[in-house]
Amino acid sequence: MNPVRYLFSTPEGIIVAPSALLNRPLVEPCKGAHHAITLKDYFCLLADFFKEKRTILLSNHNRNGDQHHAKNFNDLDIISEKTGSFYQIARCVLKGEKGQIQFCAATSISQRKLLYRDFKNLRLLYHEKGLDFLPRPYLTEDLTIGKKGERLRIAVSEWLDGYWEWHLKTKEEAELWIPGKGTVRTGKKRCLELFYAICLELALSFDPVDCRHVWLWSNCSGDFVVNGPENTKTETKLTTVRYYGNPWQFALLKGPRERMFFTLFYFFLDTCLTIRIDRRSGTGKYIFAGRNPLKHAVSGFLAGLKVLFKKNKIRTQDLEQFIDLLKGWDETALSSIYHDIIRAHKRLLRADVSVMGKTLEGTYPSACRYLVQMRTSS
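Just so we're clear, the structure is a prediction, and the values are computed from it rather than from any experiment. (Residues numbered from 1 in each chain as written. Predicted model: local features only at pLDDT ≥ 70, side-chain atom pairs only at ≥ 80, totals over all residues. Heavy atoms only, no water.)

**A short note on the packing of aromatic side chains**
Here the structure, examined in full by the defined rule, presents eleven aromatic pairs. For the ring pair Phe8 and Phe43, a centre distance of 5.7 Å and an interplane angle of 90° mean the geometry is edge-to-face. Residue Phe8 is located in strand 1 (residues 5–10), and its partner Phe43 is located in helix 2 (residues 39–52); the two are separated by 35 residues in the primary sequence. We note that Phe8, like Phe43, is buried. Among the aromatic residues, those joined into a cluster by ring pairs are Trp215, Tyr243, Trp248, Phe265 and Tyr266. Seen from the ring of Tyr286, Arg279 lies directly overhead, with NZ or CZ sitting 4.1 Å from the centre. (Phe/Tyr/Trp six-rings, centres within 6.5 Å; stacked < 30°, edge-to-face > 60°. Helix = DSSP H or I, 4+ residues; strand = E, 2+ residues; numbered from the N terminus. Buried < 20%, exposed > 50% of the residue type's maximum accessible area, 1.4 Å probe, protein only. Lys NZ or Arg CZ within 6 Å of the ring centre and 35° of its normal.)

**Quick notes on the environment of Lys237**
Mapped onto the secondary structure, Lys237 falls in strand 13 (residues 236–238). The buried category is assigned to Lys237, whose relative accessible area is 18%. Distance from Lys237 to Phe224, taken between C-alpha atoms, is 5.6 Å for residues 13 residues apart in sequence. In this view, Lys237 contacts Asp132, Phe133, Leu160, Tyr163, Glu201, Asp223, Phe224 and Val225; residues no more than four positions away in its chain are not counted. (Contact = heavy atoms within 4.5 Å.)

**Here we look at the side chain of Asp77**
Checked against the element boundaries, Asp77 lands in strand 3 (residues 76–83). Given a relative accessible area of 14%, Asp77 falls into the buried group. Of the polar contacts made by the side chain of Asp77, one reaches the side chain of Arg5; its length is 2.7 Å. Those residues in contact with Asp77, other than ones at most four positions away along the chain, are Arg5, Leu7, Arg91, Cys92 and Val93. (Polar contact = N/O pair within 3.5 Å; in protein donor to acceptor, adjacent residues only side chain to side chain.)

**So, the pattern of salt bridges**
Under the defined criterion, the tally for this structure stands at 13 salt bridges. Close ionic contact of Asp223 with Arg242 constitutes a salt bridge, the shortest N to O distance being 2.5 Å. Placement of Asp223 in the loop between strand 11 (213–215) and strand 12 (224–227) and of Arg242 in the loop between strand 13 and strand 14 (243–245) is noted, with a sequence separation of 19 residues between them. This pair shows no difference in class: Asp223 is buried, exactly as Arg242 is. Among the salt bridges present, the one from Arg350 reaches Asp352, with a minimum N-O distance of 2.5 Å. Taken individually, Arg350 and Asp352 each receive the classification buried, so the pair is uniform in this respect. A single network of salt bridges, built from pairs that share partners, joins Arg112, Asp142, Arg151 and Arg153. (Salt bridge = Lys/Arg side-chain N within 4 Å of Asp/Glu carboxyl O.)

**Some thoughts on the nonpolar core**
Membership of the largest hydrophobic core comes to 73 residues, with the highest contact counts inside it found for Trp166, Phe265, Leu305 and Phe322. If one sorts the elements of this core by residue count, helix 8 (residues 256–274) sits on top with eleven residues. Ignoring sequence-local partners within four residues, the contact set of Phe322 consists of Phe261, Leu264, Phe265, Phe268, Leu302 and Leu305. Formed by 31 residues, the second largest nonpolar core is a distinct cluster that contains Tyr42, Leu57, Ala90 and Leu139. (Core = buried A, V, L, I, M, F, W, Y, C linked by side-chain atoms within 4.5 Å.)

**Quick notes on helix 5 (residues 109–128)**
In this model, helix 5 (20 residues) spans 28 Å end to end at C-alpha, consistent with the 28 Å of a helix rising 1.5 Å per residue. Along helix 5, the residues that are buried comprise Arg112, Leu114, Leu115, Asp118, Phe119, Asn121, Leu122, Leu124 and Leu125. Looking one or two residues beyond helix 5, the residue adopting positive phi is Gly130, at roughly 70°. (Expected span 1.5 Å × (residues − 1).)

**Let's talk about the confidence of the model for the protein**
Put simply, the protein has an average pLDDT of 82, and 84% of its residues get 70 or more. The low-confidence segment residues 30–34 (pLDDT under 50) makes zero contacts with residues lying over four places distant or belonging to another chain. The low-confidence segment residues 65–73 (pLDDT under 50) makes 15 contacts with residues lying over four places distant or belonging to another chain. (pLDDT = per-residue confidence, 0-100.)

**What about the state of the cysteines?**
Enumeration over the complete set of coordinates arrives at zero disulfides. Its sulfur unpaired, Cys199 is 6.2 Å from the next cysteine sulfur, which belongs to Cys272. (Disulfide = S-S within 2.5 Å.)

**Examining the side chain of Asn219**
Relative to the assigned elements, Asn219 resides in the loop between strand 11 and strand 12. Sequence-distant contacts of Asn219, defined by excluding residues within four places in its chain, comprise Trp166, His167, Thr274, Ile275, Ile277 and Asp278.

**Quick word on the environment of Cys211**
Mapping Cys211 onto the fold places it in the loop between helix 6 (188–204) and strand 11. Exposure remark for Cys211: the relative accessible area of 0% places this residue in the buried category. Separated by 40 residues in the primary sequence, Cys211 and Ala251 place their C-alpha atoms 9.3 Å from one another. With near-sequence residues (within four places) excluded, Cys211 lies in contact with Phe206, Gly245, Asn246, Arg259, Met260 and Thr263.

So this is what it looks like as structure tokens:
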């Protein structure tokens, strides 16, 4: 095997990691600690881990790929993509740009538990629920790193090649983060398609039987990625699943049929709020998507429900009843429900929950109700 290259992804392109950077700590050491895990420690661990797991990783990676490519594997580039709120994210490139595998790493006890839960959710939804807008999960392990035997959780999955992180630039236009090109504006039409696709996929995550669904995703964290502007059809993928369940306590008190309707109702309203929230260009102040993206988000969610109901052979009357439920709430009732939703986010310590509360001080509930009625009046 040829020497491993340690690289960093930047807006200007991929660069070789300088020694000074490799000697920096992966995370800041705890108070009183004399040693810190360095980026070089982290890269070396990934290289050793990949060599040890090479056979199983390549087997997983090439199930639908080029088997001949795996046999000719010689090179390994480890590219640090970004340091997120919870994880270090890197990818390993197998001989050129044809084969790529993503590594997520978490260091603290709480973050390691979160990453493990994410991986289990991903495995369940990808393999058992058949959701194909998620990366294929490979494996996860808890490893030892550094002189003091610090623990590091590694989760390995498919790298979503050709899909890029996006963020709002204006209330109705997004931009992509593409290494080597920097930020690339999408145009208003593609931004609307992006909102439609994301909400359609989220609706497909709902299980009508046990009323679980994907939750706690965040535009600010770059959880959804989108294919490049060279593609005529806009497609989105969700990179991580922090929560899969039913967080709506009010809905859980109902009988099976009512529980389905009320969970969907809360899920729908929460999606229409969360999809709006981002940081301008990914790092700036909070920005909220405008009415047109919201309109397409509503349309996408309802389109996903139509597919979901048909797939699960749920009666058409049930979908019609759900739409009637959406129409039947006034502004005061919607505001009360949104405060329930915000309390659910507070329980799980969502970072931007205070911003959600400020949003509700405006006219959003009535605007959402107006859009729902407009989209479902036909």
